[in-house]
Amino acid sequence: MSIAETNPMNRLLFRSRRGALVTLLAIAGSVTTITACSNLTEPLLEATDPDPIDPSAVLNADGAIGLYNGAIGRLRAATASTDTSLQEPTWLFSGLLADEWSTSSTFIQNDEVDQRNIKLDNSSVRNIFRSLARVRTASNQAILGLTTFVATDKAKIGEMYFARGFAEMQLAQDFCNGIPLSDASTPVLVLGTPLSVAEVFARAIASYDSALALVPSTDTASASVAINRAARVGKARALLGLNRAAEAALLVPATAVPTSYTYDITHSVVGGSNAIWGQGASQRRYTLSDSLEGNARNLLVQNVIPFFSLKDPRLPSRYTVSVNAKDTTKRDTTKSQDGFVFSRTTTLYGQLTNVAIVNGVDARLVEAEARLKAGDYAGMNTILNVLRATPPKVGEIQATAAQLPALAVPASQAAAEEQFFREKAFWTFSRGQRLGDLRRLIRDYPGHTPANTFPSGTHYRGGPYGPDVNLPVPYDETTNQNFKGCTNRDA
């Protein structure tokens, strides 16, 4: 829970009998005040106020399901869906700090992240940290409500543990060492103490284990099977964060998590559209990253995958072109929101396209990385080539086997690492994994440093790229007396 997010209205009502009494007393006080003016005959003063909610009205199964739905909404908004209070979900912003996206907006907050020089008062980073903290809080509230009033629905309770674990895992992937995991899901606020990235990954694993205990593989109900698979993939990815690839692979064989499996974020016009499409193709605030930047294409950015110019069939890319206002027979390359950068977009996602939080492709990539870590380059290559030979549809794109010819077996560790992480980058583009992977390369693969792993050179906004390899826990968290800032900014 973000310490900035301590409004009592966001806390769970189920545990608060004292809080319910206070609320009822407050209502009673209001009634007394109105009674004192009872000599007035104005009908409006006698109307029932529809806004106050009687606490007893939500102490039931319907209230618990409402909390469950709210937590799912929080998870959507934090990852790949639009939200009125959050412009950039964490999947987009982490892609700016990595090499998936380049800034083309008017916001200095975006520029800082893309330039790897992030200030502690960056309001967008604050919102992203807050959004993930809200997922944890909402999940904890829903877990309590569901176990109290809908205890037989193990799949929903398990899904809430999965959502909590996913938020914890994303925090560990994206933020610096020293993450406080506070909890405001009950009337008693529990202030978190700074945790290392490894400790937060361990918290995520514990949450996933709680989900798996509720929906074991022996449970054949369709909802339970879906959550069991989601928790397996989530836990496997958290284990990768702790450099435990062999254990991770054992969790996600194809018999347990088929390649066709997907746990999706869905979108709607009224309920929130696809933010990857919205911030990129629609508003043109993000542009596809490339190894040559600037409109003149004369600034070499080192260490990046040229997502725009490589023209990989899994990530179709193009300049945005519009009709010339003065000569309709001509077409002009459109500038981005900032009015300077040519807009480079992709058709990977549309306004209402589903996005996978976890899926079977993630499972295959976990297995492939375990082979890489074991030095089995041929085994890794086989898994990658099976995906290329029978390409799953990702977003709006259905690549074909003809477009993705088989890869050769790499001859060295360095070549195998490059092959694997490039393949993974295209299969998982803008799904919140690339930043974590670059950090893991530095932590777990000898020879990788920030200087040869993250974007470097001259940034097209001016000046060199900075040193940041993660997002800082925002300054607002210093209101928690346990937190004094990131313990370090290491990968």
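Predicted, not measured: the structure shown is a model, and the values here were computed from it.

**Notes on the overall build of the chain**
At step 1: For the chain, the helix and strand inventory stands at 15 helices and 13 strands.
At step 2: Expressed as a percentage of the 491 residues in the chain, the buried residues total 53%.
At step 3: In the chain, the proportion of contacts linking residues at least 24 apart, taken out of those at least 6 apart, comes to 73%.
At step 4: Of the roughly 20600 Å² that the chain leaves accessible, carbon and sulfur atoms contribute 56%.

**Considering the sheet that holds strand β7 (residues 299-302)**
At step 1: Across the sheet, which stays open at both edges, the three strands sit in the order β6-β7-β13 with antiparallel pairing between neighbours. One side of each edge strand has no neighbouring strand; the edge strands of this open sheet are β6 (292-293) and β13 (456-457).

**Some remarks on the pairing of strand β12 (residues 355-359)**
At step 1: Among the five residues of β12, five are classified as buried, and the element is accordingly described as predominantly covered.
At step 2: Examined bridge by bridge, strand β4 (residues 262-265) and β12 share four bridges and lie antiparallel to one another. The residue bridging I265 from the neighbouring strand is V355, located in β12.

**Some thoughts on unusual backbone geometry**
At step 1: Its identity as a non-glycine residue notwithstanding, R116 has a phi of 65°, on the positive side.
At step 2: Residue R116 is classed as buried on the basis of its relative accessible area of 4%.
At step 3: If you check the backbone angles, N303 has positive phi at about 80° while not being a glycine.
At step 4: You can see N303 is positioned in the loop between β7 and β8 (317-319).

**Focus: helix α11 (residues 360-373)**
Every α-helical turn comprises 3.6 residues, leaving residues that sit three or four positions apart pointing alike.
At step 1: If you check α11, its first and last C-alpha atoms are 20 Å apart, about what 14 residues at 1.5 Å a residue would give, namely 20 Å.
At step 2: When you tally the buried positions in α11, you get twelve out of 14 residues, the bulk of the element.
At step 3: Taken from the residues just after α11, G375 is the one with a positive phi, measuring 80°.

**Some remarks on a nonpolar patch on the surface**
At step 1: A contiguous nonpolar patch, built from V269, V270 and L352 and spanning about 340 Å² of accessible area, is present on the exposed surface.
At step 2: A residue is classified by how much of its surface remains accessible, and L352, at 40% relative accessible area, is partly exposed.

**Overview of the state of the cysteines**
As used in these notes, a disulfide is a covalent bond between sulfur atoms, one from each of two cysteines.
At step 1: Taken as a whole and assessed by the stated rule, the structure comprises one disulfide.
At step 2: There is a disulfide in this structure between C176 and C486, and the S-S distance comes to 2.0 Å. Every disulfide takes its handedness from the sign of the S-S torsion; for C176 and C486 that torsion is -75°, giving left-handed. With C176 in the loop between α6 (154-174) and β2 (179-180) and C486 in the segment after β13, this residue pair connects regions lying 310 residues apart in the sequence.
At step 3: Its relative accessible area of 24% is what places C486 among the partly exposed residues.

**Some details on the pattern of salt bridges**
At step 1: If you walk through the whole model with that rule in mind, you get 22 salt bridges.
At step 2: The shortest N-O distance in the salt bridge between R461 and D111 comes to 3.3 Å. Of the two residues, R461 sits in the segment after β13 while D111 sits in helix α4 (residues 108-114), which places them 350 residues apart along the sequence.
At step 3: The exposure class assigned to R461 is partly exposed, which follows from its relative accessible area of 29%.
At step 4: The shortest N-O distance in the salt bridge between K424 and D437 comes to 3.1 Å. In this pair, K424 is assigned in helix α13 (residues 413-427) and D437 in helix α14 (residues 434-444), connecting sequence segments 13 residues apart. For the pair K424 and D437, one class covers both residues: buried.
At step 5: In this structure, a network of salt bridges that share partners links the residues D312, R314, R388 and E423.

**Concerning the nonpolar core**
At step 1: Of all hydrophobic cores here, the largest spans 101 residues; its most connected members are F166, F175, Y263, I357 and V358.
At step 2: Here this core takes eight residues from α6, the largest share from any one element.
At step 3: Among all residues touching Y263, those that are not within four sequence positions of it are I72, L75, E159, F162, I227, A230, V355, A356, I357 and V358.
At step 4: Ranked by size, the runner-up nonpolar core spans 14 residues in total, among them L146, I157, A211 and A231.

**Considering the layout of surface pockets**
At step 1: Volume-wise, the second largest pocket comes out at about 380 Å³.
At step 2: Lining the second largest pocket are 17 residues, and of these N303, E417, E418, L441 and H448 sit closest to its centre.
At step 3: Elements with a contribution of two residues or more to the lining of the second largest pocket: α13, α14 and α15 (450-453).
At step 4: When its residues are assigned to classes, the lining of the second largest pocket shows seven nonpolar, five polar and five charged.

**Concerning empty space enclosed by the protein**
At step 1: Counted under the stated rule, the structure contains four cavities of 30 Å³ or more.
At step 2: Approximately 120 Å³ is the volume attributed to the largest cavity.
At step 3: Mapped onto the lining of the largest cavity, the elements with two or more residues apiece are α6, α7 (197-214), α8 (222-241) and α14.
At step 4: If you tally residues by element for the lining of the largest cavity, the top one is α14, at five residues.
At step 5: Residues that form the lining of the largest cavity fall into these classes: four nonpolar, four polar and six charged.
At step 6: Each pocket or cavity is described by its volume, and for the second largest cavity that value is around 50 Å³.

**Examining the side chain of Q115**
At step 1: Residue placement: Q115 occurs in the loop between α4 and α5 (123-149).
At step 2: Exposure remark for Q115: the relative accessible area of 15% places this residue in the buried category.
At step 3: A distance of 3.4 Å separates a polar side-chain atom of Q115 from the backbone oxygen of G462.

Reading the values: rules and limits
- Residues numbered from 1 in each chain as written.
- Predicted model: local features only at pLDDT ≥ 70, side-chain atom pairs only at ≥ 80, totals over all residues.
- Heavy atoms only, no water.
- Helix = DSSP H or I, 4+ residues; strand = E, 2+ residues; numbered from the N terminus.
- Buried < 20%, exposed > 50% of the residue type's maximum accessible area, 1.4 Å probe, protein only.
- Contact = heavy atoms within 4.5 Å.
- Areas by Shrake-Rupley, 256 points an atom, 1.4 Å probe, with all protein chains shown as cover.
- Pairing = 2+ DSSP bridges.
- Expected span 1.5 Å × (residues − 1).
- Patch = residues over 30% accessible without salt bridge, like charges linked within 9 Å, V, L, I, M, F, W, Y side chains within 5 Å.
- Salt bridge = Lys/Arg side-chain N within 4 Å of Asp/Glu carboxyl O.
- Disulfide = S-S within 2.5 Å.
- Core = buried A, V, L, I, M, F, W, Y, C linked by side-chain atoms within 4.5 Å.
- 1 Å grid on protein atoms, 1.4 Å probe; cavity = no way out; pocket = protein on both sides within 12 Å on 5 of 7 lines; lining within 4 Å.
- Points joined across faces, edges and corners; volume = space filled by probe spheres on them.
- Nonpolar A, V, L, I, M, F, W, Y, C, P; charged D, E, K, R; others polar.
- Polar contact = N/O pair within 3.5 Å; in protein donor to acceptor, adjacent residues only side chain to side chain.

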